Structures are given as C-alpha cells and as structure tokens.
Amino acid sequence: MIDSVIGYVSSLLFTLAFVASLIFVCKGSKKGSPSKLPPGPAALPILGNLLDLGDQPHKSLAKLAKLHGPLISLKLGRVTAVVISSAPLAKEVLQTLDLTFADRSLVQAIEAHEHHRVSLAWLPVGAPWRNLRKICNSYIFASQKLDANQDLRHKKIQQLLVNVHESCRVGAAVDIGQMAFNTSLNVLSTIIFSLDLTDSSLDIVRELKEVSRCIMDELGKQNLADYFPMLRKFDLQGIMCRTSNYFARIFDLFDRIIDRRLQLRRKQGYIPNNDLLDTLLTLMNEHNEEEMDRNCMKHLFLVSFRSLIYSFDWKLEEGITPESMDMEDRFGLTLQKAQPLRVIPMQL
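Residues numbered from 1 in each chain as written. Predicted model: local features only at pLDDT ≥ 70, side-chain atom pairs only at ≥ 80, totals over all residues. Heavy atoms only, no water.

**Points about the pairing of strand β2 (residues 79-84)**
Here is the rule we go by: Strand pairing is defined by DSSP finding a minimum of two bridges between the two strands. Helix and strand assignments come from DSSP, with helices taken as H or I runs of at least 4 residues and strands as E runs of at least 2, each series counted from the N terminus.
Where strand β1 (residues 71-76) meets β2, 6 bridges bridge the pair, whose relative direction is antiparallel. Directly across from K75, in β2, lies its bridge partner T80. The antiparallel hairpin formed by β1 and β2 contains 2 residues in its connecting segment, where G77 sits at a positive phi of about 65°.

**A word on the packing of aromatic side chains**
To be explicit about the condition: Any Phe, Tyr or Trp ring, taking Trp's six-membered ring, that has another such ring centre within 6.5 Å forms a pair; planes under 30 degrees apart are called stacked, those over 60 apart edge-to-face, and the others tilted. Think of it in three bands: with a 1.4 Å probe and only protein chains considered, a residue is buried below 20% of the maximum accessible area for its type, exposed above 50%, and partly exposed in between.
Inspection of every chain in the model, using the stated rule, returns 5 aromatic pairs. Where F251 meets F254, the ring centres are 6.3 Å apart and the plane angle is 50°; that geometry is what we call tilted. Here F251 and its partner F254 are both found in helix α12 (residues 239-266), 3 residues apart, which amounts to about one turn of the helix. Neither F251 nor F254 differs from the other in exposure class; each is buried. A centroid spacing of 5.6 Å and a plane angle of 80° characterise the contact between F254 and F301, whose relative ring orientation is edge-to-face.

**What about the state of the cysteines?**
We apply this condition: Criterion for a disulfide: a pair of cysteine sulfur atoms within 2.5 Å.
Inspection of every chain in the model, using the stated rule, returns 0 disulfides. C296 supplies the cysteine sulfur nearest to C136, a cysteine that is in no disulfide, at a spacing of 8.8 Å.

**With respect to the packing of α12 against helix α13 (residues 276-286)**
How we decide: To obtain each axis, a line is fitted to C-alpha atoms, and for helices this fit is confined to the stretch in contact; angles are then taken between N-to-C directions over 0 to 180 degrees. In this scheme, roughly parallel covers angles under 35 degrees and roughly antiparallel covers those over 145, while 65 to 115 is roughly perpendicular and the rest are oblique. Residue contacts are defined here by distance: any two heavy atoms, one from each residue, within 4.5 Å place the two residues in contact. Three categories are distinguished: nonpolar for Ala, Val, Leu, Ile, Met, Phe, Trp, Tyr, Cys and Pro, charged for Asp, Glu, Lys and Arg, and polar for the others, with Gly belonging to the last.
Interaxial distance between α12 and α13 falls to 11 Å at its minimum, and their mutual angle equals 70°. In terms of orientation, α12 and α13 fall into the roughly perpendicular class. Together, I257, I258, R261, L262 and R265 of α12 and L277, D278, L281 and T282 of α13 make up the contact between the two elements. Class assignment for the residues of the contact of α12 with α13 results in 5 nonpolar, 1 polar and 3 charged.

Shown next as structure tokens:
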C-alpha cells in the first residue's frame, strides 16, 4: 500500500515537472532579441544538453570544446552555462574580470544550514564578503602565518612517509587517494584546531574524518534540482536532506571543539596554541563579534575542510598489470578514480 502511494506521488511530481518545463520551453521559444551567447551544441527540449554531458562531464566538455571552440554555451535543463576551455580566456575571466564574474550560481546542497549566506566561497561581492576576505588575508593567509605553519606541514608529510615505509616493509598495498585525503585533512585539522587526526582512538577524530568525507561525496553528486529549479522543494534524490544532516553533525563537532577551547582559555596560565581557532576567538573577543561570530567561524571551518612521490617506487598488487588497470575516473567535487589505486611501496 505504501509503495503504491509513493509510486503515485512520484509519478504525479514527475508529470507536474514535465508540464512546467514544457510551459517554460514554449515561452522561451517566442521570438526575441538575438542570443549573445557563445556557440554550442543543439539543445533538446526540456533536457537541453544534459545528455551531452554523460556520466563523465569533464571528458564530454573537452570533446565539445574541440567541436565548438574554447568558449561554448550549454543549456543544462533550465540553466544556461558558459564553459571556458582556454587558459587565456580563463585568466581573463578569473583574474582580469574577477569581480564581474565573482558571483556564481548556487548548487542546492550549498544552501544547507544557510551556508551560502555566510561562506566566503559563495557570498556575493559585498561588505560581508570583503570582511571575510580581510580576515583571511590578515589572519590565515598572511605570509608570517604560512611560514609559522611550515614545520607543522613538514611534520605531517613525515608522518605520511613513515606510514608508507611501514607498508613498504610488510609489502602491504596502499590506497593512495585515501592516504592523500587523510594527510590533507590532518594538516588542516592541526592548523585549525591543533587536533591530530592520526589519533583514531578519539571519537571526535573518527567522526570528523567520516563526516568530512561524506560531505565531499554529497557536494560532488549530480543533482537534478540544480538543473530544474522547480524540483528544489521536493529533494527527489535526498541530497539536500543528507547534506543538512552532515552539516549539522560537523557543526556539532565544531561546537564541541570551540567549547572545549573556551574552557581552557578561561583557566589561569593558559598558553595559546596560535592555531586558527585561537586566532578567531581572540578576534571575536576583541571586536565584540562585529567582524567574527561563532556561526561565521563554523562556516569558515567548513570551507577549510575541502601525488606524493618521495624516494619510493611503486608496484601494483599481485595479479594486476598496467594493461589490466581500470583507469576510469568518477566525476564529483574532485575527480576520483572509479576504482581506488592500490599500490605497494618499494624502497629505492
């Protein structure tokens, strides 16, 4: 009975979406001013060029660029996109005309917990965006801060090499993608919280690693609601729901870390860690939350959480040859191999 109701509701929603899209297409087909968009492939009704992208959009876009040039326009459902495939044009857009093109279309998942309203990565150019940029330039990316963290970054790379040495000693295979992800995450967590993620005995460490990976996976998924805005309220794929849950979990982790640090700061004789958390708490205290508040701090931490060959050679696991390797990749927030690359390190 329940399955029948769900099927009926899904069919009804699909029909409504189809009719709404058809109305939009009919309206858009009326004669108007000539299009000023770059050339591109012919678009199908309703779907536009979605089928041209396939399951590996990065490769499909490269092929389309060879056919239509370095600047092409695509109709992705109800969204018009302009794709740049030329380094000089990309430099023109991202560097010379950066303020003109700074605003960007939002994917639905980014709207979870109002992240797009307080995140430096998604805010439109304005006073809040400039304030966050000033904070980042002064307290995070300042040369003295980066120089101060150099030893820390070196230490984490050394820890990575120790792990690779151990795998080399016992002849165990290494998942390169997972190891690189863990190392990057560990560097970030140490710089931000002075929290060492190699200590897997702590529940907060295990949960932070798990939730960070889940958020990256969800943000990298193709969401129909991003191409057909009328579907946003239905969340047919559940991406918005899952992302909201993961955001809530990681914000809860951040709250616990912040509360613990505030308790330590109230004690006499507290020695600052000089990490990002201490810096922002001091900034928040000195400016009475005018430039930085707790919510903004957590969203800034969330943004922060997004091939190493060093005197090693590598061999494939037993039974696998270079000719038989699966080199297919998987599209997402970052490109990943469809099948993890597992190799055995060998000391040179």
